[in-house]
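# Summary of structural features
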Amino acid sequence: MQTILGIPAPLLFGQLLIGLINGAFYALLSLGLAVIFGVLNVINFAHGALYMMGAFVGWFLLTHLGIGYWPALVLAPLVVGAIGIVIERTMLSRLYDLDHLYGLLLTFGLALIIEGLFINYYGVSGQPYAPPQALQGGYNLGFMFLPAYRGWVIVASLIVCFGTWLLIERTQLGAYLRAAVERPELVRAFGINVPLMMTLTYGFAVALAGFAGILAAPVYTVSPIMGQNLIIVVFAIVVIGGLGSILGSIVTGLGIGLVEGLTRTFWPEASSTVVFVIMAIVLILRPHGLFGRPRE
Amino acid sequence: MSDRPAILEVRDLHAWYGESHILHGVNFAVGEGEVVSLLGRNGAGKTTTLRAIMGLVGRRTGAIKHRGDEIVSLTPDRIARRGIAYCPEERGIFASLTVEENLMLPPVVQPGGLPVEEIYELFPNLKERRTGASGTRLSGGEQQMLAIGRILRTGAKLLLLDEPTEGLAPVIVQQIGASVRRLRDLGFTILLVEQNFHFAARLADRHYVIEHGVVVDRYSRDDINQRMGELNKLLGV
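Predicted, not measured: the structure shown is a model, and the values here were computed from it.

### Describing the interface of chain B and chain A
Each side of the interface is counted separately: chain B has 25 residues, and chain A has 19 residues. In this assembly, chain B packs against chain A so that about 1,900 Å² is buried in total across both faces, 58% of it on carbon and sulfur atoms. Here chain B and chain A share three salt bridges between them. One salt bridge connects Glu-185 of chain A with Arg-51 of chain B, and the closest N-O pair in it is separated by 2.9 Å. Here chain B and chain A share nine residue pairs in polar contact (both at pLDDT 80 or more) between them. Of all the secondary-structure elements, those providing two or more residues to the side of chain B that touches chain A are helix 1 (46-54), helix 2 (76-81), helix 3 (99-104) and helix 6 (140-152) of chain B.

### Re helix 4 (residues 100-122) of chain A
All names here are of chain A. Between the first and last C-alpha of helix 4 there are 33 Å, a value that for 23 residues agrees with the 33 Å anticipated at 1.5 Å per step. Every buried residue of helix 4 is listed here: Gly-103, Thr-107, Leu-110, Ala-111, Ile-114, Glu-115 and Phe-118. Packed against the buried residues of helix 4 are helix 2 (47-65), helix 3 (69-90), helix 8 (194-216) and helix 9 (226-241). Residue Asp-99 occupies the N-cap position of helix 4, its side-chain oxygen lying 3.0 Å from the main-chain nitrogen of Leu-101.

### Quick look at the sheet that holds strand 2 (residues 20-31) of chain B
All names here are of chain B. Ordered by their spatial adjacency, four strands build an open sheet running 2-1-4-5, and the pairing between neighbours is antiparallel. Pairing within the sheet leaves two strands with one partner each, and these edge strands are strand 2 and strand 5 (69-70). The pairing of strand 1 (residues 6-17) with strand 4 (residues 59-66) spans seven bridges and is classified as antiparallel. Directly across from His-14, in strand 4, lies its bridge partner Thr-61.

### Considering the pairing of strand 9 (residues 206-211) of chain B
Residue and element names in this part refer to chain B. Where burial is concerned, most of strand 9 is hidden: five out of the six residues are buried. In the sheet, strand 9 pairs with strand 10 (residues 214-220) via six bridges, with the strands oriented antiparallel. Following the sheet pairing, Arg-206 is matched in strand 10 by Ser-220. Where strand 9 folds back on strand 10, the antiparallel hairpin that results is connected by two residues, among which His-212 adopts a positive phi of roughly 50 degrees.

Here is what the cut-offs are and how they apply
- Throughout this description, residue numbers start from 1 for each chain and increase along the sequence as written.
- Naming scheme: in the order in which they are written, chains are lettered from A and ligands are numbered from 1.
- For this predicted model, a pLDDT threshold of at least 70 governs which residues receive local features, and a threshold of 80 or more governs which side-chain atom pairs are given and counted, while totals over whole chains, interfaces and linings are taken from all residues.
- Only hydrogens and water are set aside; all other atoms, that is, all heavy atoms of the structure, feed into the side-chain values.
- A contact between two residues is defined here by any heavy atoms of the two lying within 4.5 Å.
- Buried area: the sum, over both parts, of the accessible surface (1.4 Å probe) that disappears when the two are put together.
- We define a salt bridge as a side-chain nitrogen of Lys or Arg found within 4 Å of a carboxyl oxygen belonging to Asp or Glu.
- Any pair of nitrogen or oxygen atoms within 3.5 Å is treated as a polar contact; in protein, a donor-acceptor pairing is required on top of that, and neighbouring residues in sequence qualify only through side-chain atoms on both sides.
- Working definition: helices are DSSP H or I runs of at least four residues, strands are E runs of at least two. Numbering for both runs from the N terminus.
- To estimate how far a helix should reach, multiply one less than its number of residues by 1.5 Å.
- Partly exposed residues are those whose accessible area sits between 20% and 50% of the maximum for their type, while under 20% is buried and over 50% is exposed, using a 1.4 Å probe and protein chains only.
- The pairing criterion is simple: DSSP has to find at least two bridges between the two strands.

Spelled out as structure tokens, the structure:
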């Protein structure tokens, strides 16, 4: 059998694939966090809980209403986005004039409440969710076996991440958003309804989390604690990429997934710690993150 | 008062930032097509007056009439949509936007704004640097031109300019002055806040002097030469 640095090649590629899949979810989630932090100045601790809700919406649609994966791929983000809009309008928007800490505490509390409610009704063991018919099976790539659904996860995540990047960096709407990050007051004085834009931004960013959730449902089990497991790593990724940096969060998300995969192959014990070691090193060498700019 | 119909009328305007009461009953009016300047020392309340008109202060009371409609309780975006544009003292050029993105940022609020080519004609420096560079890589003078240029596109007919000459070299100040004159010829109405009295004196049809948050005096263009002594005393120049 072919080996690379003493590791059987299929094992190495298998771990890299798992890393890339995790990275695809990291990228989607850290992208949303970066957008929310940039525009609303809120550290959204509820992001993991909303991601979990995305998966549960998909599971619920299938089990109770018989609605399958493909419609759920659109419906779950819409439902989660709508919930986000309600959260922003009724609670978050009252905290913008206060310190970051209040937004963090509010969303942290919301995450605890949401996850607590789901644990109460569904326990922590998780619900199964099968991949759609069209994406069952897989491809033999010669050097490894690629399950079709996992390939789809990577493609879908890249498309959505790149689309979001285009939207923010290359459109007029994105220019309003970038300008509002710097000087919300002046953008409002140009005639833009900035509070409405902030509400829609939050809705959109948590819809990304909902999208990641339904995308994850066939990969991980649908469980109330699936977001908790992910969110701390995702925060570390946002810090490494640079708070508020769109490109930074996407690239770092995918990169950290790969680094974790490599670490799992060569030094399994360190695989869940490596991201925090990287975060510490980045914070020492580049306090604003790999792609970050100092805030004025 | 001018003989032209008032486009903006401010009556007994009070404004607060948090607990500090900054404006104590400001009164003045701007006629359609006029250039009016607000003069006064540092901290007199000139900038706050402009910000209060745009709705950018914590709290305000009194009356602000734009074309006869009361706007004192509107939000800044609604005020802008009526055709009032604001160019802040700090210029407010966005670092994460290119020069061209900065120029194209403010949405068109009314028909009749200047075409982009005409803005580039007014400020040729901007045309050379429009792509690639971030807006904040421009020189101070170019940033000021960009800050004025971008609000000409929107169709707003009433421009609030806060210290457009601050910190600029004399040759740039002259260029800005020529642009403001040209804008008046194009039919814009301009409310100008200035520290640079000589710049304002050459441009404005009328002047109001603000002190401690109230208008203490007013001068027409013709008054200025005869009353230069008392003006100098008021402004401490």
